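Coordinates in review
As a plain string of letters, each chain reads:
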Amino acid sequence: MGWLESWKKRAKSLQAEVYALYLASRDPRVPWYAKLLILFVVAYAFSPIDLIPDFIPVLGYLDDLLLLPLGILLSIKLIPPPVMVECRKKAVAMTERSRPKNWIAAGVILLLWLLIVIATLRWARKISLAPPTAGT
């Protein structure tokens, strides 16, 4: 049971770290280019829908295990250390209450998936309606 508690603790600290990034994105001491990256990372992290759904073998967890942590690390590197220390303190207190959700990011991801499904259906229909080629 120790490994489960360890994972829960790591997930909680990651949640606090993402929320600290959100707070940092609102701080005037953070450069604009860092804010831009932070907003993408935080929007994706707080979105209730993944870009790559978890039920897709291997790839489904790739964003959670690789892309998101890399985005968080890069974002932290762009934030002045004193700002990050302040934001982490605030984030720990805030995440003990509840996890914020970003429904706008969820909507964008749903729209992206809808466009992929529509494009796939159109492509499949175009192939099935194409006349046979000469020689077949």
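Residues numbered from 1 in each chain as written. Predicted model: local features only at pLDDT ≥ 70, side-chain atom pairs only at ≥ 80, totals over all residues. Heavy atoms only, no water.

Details of the packing of aromatic side chains
For the record, the criterion: By convention, a stacked pair of Phe, Tyr or Trp rings (six-membered ring in the case of Trp) has centres within 6.5 Å and planes under 30 degrees apart, an edge-to-face pair has planes over 60 apart, and any other such pair is tilted. Think of it in three bands: with a 1.4 Å probe and only protein chains considered, a residue is buried below 20% of the maximum accessible area for its type, exposed above 50%, and partly exposed in between.
Tallying each qualifying case throughout the model produces two aromatic pairs. Judged by centre distance (5.8 Å) and plane angle (85°), the rings of W32 and Y33 are edge-to-face. For W32, a relative accessible area of 66% gives the class exposed. By relative accessible area, Y33 is classed as partly exposed at 44%.

Concerning the nonpolar core
Operational definition: For the purposes of this section, nonpolar cores are sets of buried Ala, Val, Leu, Ile, Met, Phe, Trp, Tyr and Cys residues that join through side-chain atoms within 4.5 Å. Numbered from the N terminus, helices here are DSSP runs of H or I no shorter than four residues, and strands are runs of E no shorter than two. Contact between two residues is taken to exist if any of their heavy atoms lie within 4.5 Å; hydrogens are not considered.
L21, V30, I38, I72 and I79 are the most contacted members of the largest nonpolar core, which totals 23 residues. Of all the elements in the fold, those that place two or more residues in this core are α1 (2–25), α2 (32–46), α3 (59–77) and α4 (81–95). No other element matches α2, which puts seven residues into this core. If near-sequence neighbours (up to four positions away) are discounted, I79 is found in contact with L21, A24, V30, I38 and M84.

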